[in-house]
Structure formats: C-alpha cells, structure tokens
Amino acid sequence: MKKTTENKSNPRLTALIVTLKDASRIHEANIWREIAKRLDAPRKNYAEVNLSKIDRYANEGETILVPGKVLGSGALSLPVKIAALDFSEAAMSKITGANGTCMTIEDLVRDNPKGSRVRILR
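Here's a quick rundown of the structure. Fair warning: this is a prediction, and the values are worked out from it, not measured in the lab. (Residues numbered from 1 in each chain as written. Predicted model: local features only at pLDDT ≥ 70, side-chain atom pairs only at ≥ 80, totals over all residues. Heavy atoms only, no water.)

1. Observations regarding the overall build of the chain
Within the chain, the secondary structure is distributed over six helices and five strands. In the chain, the order of α-helices and β-strands from amino to carboxyl end is α-α-α-β-α-β-β-α-β-α-β. Here the C-alpha radius of gyration of the chain, 14 Å, is about what a compact globule of 122 residues would show, namely 14 Å. Projecting the C-alpha coordinates of the chain onto the three principal axes gives extents of approximately 45 × 30 × 20 Å. (Helix = DSSP H or I, 4+ residues; strand = E, 2+ residues; numbered from the N terminus. Rg over C-alpha atoms; globule rule 2.2 N^0.38 Å.)

Now the structure itself:
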C-alpha cells in the first residue's frame, strides 16, 4: 500500500511533509510529526479555520498553527502570529489590519524549530 505522500501532486506539500518529519526527528519536537500526519491525510480533512475562532481561542502575542486554510469570516482583535498552509485574501488583510503576522508553516519551522509555545487550531 502506498503512502498518501506519494499520491500528492503538490510538490510544495510533499516537501513540507518531509521537512516537518525531519524537523521532528532532529529537534525531538513531536508537534512537527503531528502536523506532518495531518497534512499527509486527504485534503478534504484539512482544517479550515475562521478568524472568529482564532480570536476566541488565541491570546495576545501567541503563535497559532493551522494545518490547512485560514478563512476571513469574523474579526480579529488581537495581534497574533498565524502560520498556515494557505490564507484567503480577506483573512490576510484582516490579520495585517490587527497588527498580526501571516506566515507559512515552513517559516514557523525555520523560526521555531523546537515548536515551543505554539497552539494548533483545527
């Protein structure tokens, strides 16, 4: 039986999964293994998180990780760092409007290899 990664046609996604598994092994950070497992699942199971949910569960200055797409429904009142696989245009403008930061998961792994103080939302 083939791994799901071999069936994925997006080269960025397959490279990200490999990077996450390597970072998990090198830095002994289980968070990256969990995110790799979630991204290795079928695309219909990816997280789709609205800004209203992020606003409800995040604290000011916190780093939020979404293994999927961030959508622009709702408002964001806190300056938070949000790392995700993808962002909608509305979500990006609302996050930057609240003095927050949009980043890719690759950037988060590079900046925080241990994965400490990161909250996963799905």
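2. Section: the packing of helix 2 (residues 11–27) against helix 3 (residues 30–39)
When two helices pack together, you describe them by how their axes are tilted relative to each other and by the distance separating the axes. For the pair helix 2 and helix 3, the least separation of the axes is 7 Å and the interaxial angle reads 155 degrees. Considering their axes alone, helix 2 and helix 3 lie roughly antiparallel with respect to each other. Crossing angle aside, the handedness with which helix 2 passes helix 3 is left-handed. Here Leu13, Leu16, Ile17, Leu20, Lys21, Ala23, Ser24 and Arg25 of helix 2 come into contact with helix 3, specifically with Asn30, Trp32, Arg33, Ile35, Ala36 and Leu39. Of the residues belonging to the contact of helix 2 with helix 3, the class tally is nine nonpolar, two polar and three charged. (Axes fitted to C-alpha atoms, helices over the stretch in contact; angles between N-to-C directions. Parallel < 35°, antiparallel > 145°, perpendicular 65-115°, else oblique. Left-handed = near helix turned anticlockwise from the far one by under 90°. Contact = heavy atoms within 4.5 Å. Nonpolar A, V, L, I, M, F, W, Y, C, P; charged D, E, K, R; others polar.)

3. Points about the nonpolar core
With 20 residues, the main nonpolar core has Leu20, Trp32, Leu39, Leu65, Leu85, Ile105 and Leu108 as its most contacted residues. Elements represented by at least two residues in this core include exactly helix 2, helix 3, strand 3 (81–87) and helix 6 (105–111). The contacts of Ile105, once residues within four sequence positions are left out, are Leu16, Leu20, Leu39, Leu65, Val66, Ala83, Ala84 and Leu85. (Core = buried A, V, L, I, M, F, W, Y, C linked by side-chain atoms within 4.5 Å. Buried < 20%, exposed > 50% of the residue type's maximum accessible area, 1.4 Å probe, protein only.)

4. Describing the pairing of strand 4 (residues 101–104)
When strand 3 meets strand 4, the two strands line up parallel, connected through four bridges. Directly across from Ile82, in strand 4, lies its bridge partner Cys102. Handedness of the crossover joining strand 3 and strand 4 through helix 5 (residues 89–97) is recorded here as right-handed. (Pairing = 2+ DSSP bridges. Right-handed = clockwise from strand over helix to strand, strands pointing away.)

5. What to know about the pairing of strand 2 (residues 63–71)
In terms of burial, strand 2 is largely enclosed, as seven of its nine residues are buried. Bridge analysis of strand 1 (residues 47–50) against strand 2 gives four bridges, and the strand direction is parallel. By the bridge assignment for strand 2, Val49 is matched with Val70. Crossover handedness for the path strand 1 to helix 4 (residues 51–57) to strand 2: right-handed. In terms of strand pairing, strand 2 meets strand 5 (residues 118–120) through three bridges, oriented parallel. Within strand 5, the residue paired with Leu65 across the bridge is Ile120.

6. With respect to the environment of Asn99
With respect to the element layout, Asn99 can be found in the loop between helix 5 and strand 4. Judged by relative accessible area, Asn99 falls into the exposed class, the value being 66%. With 22 residues separating them in the primary sequence, Asn99 and Ser77 have C-alpha atoms 9.0 Å apart.

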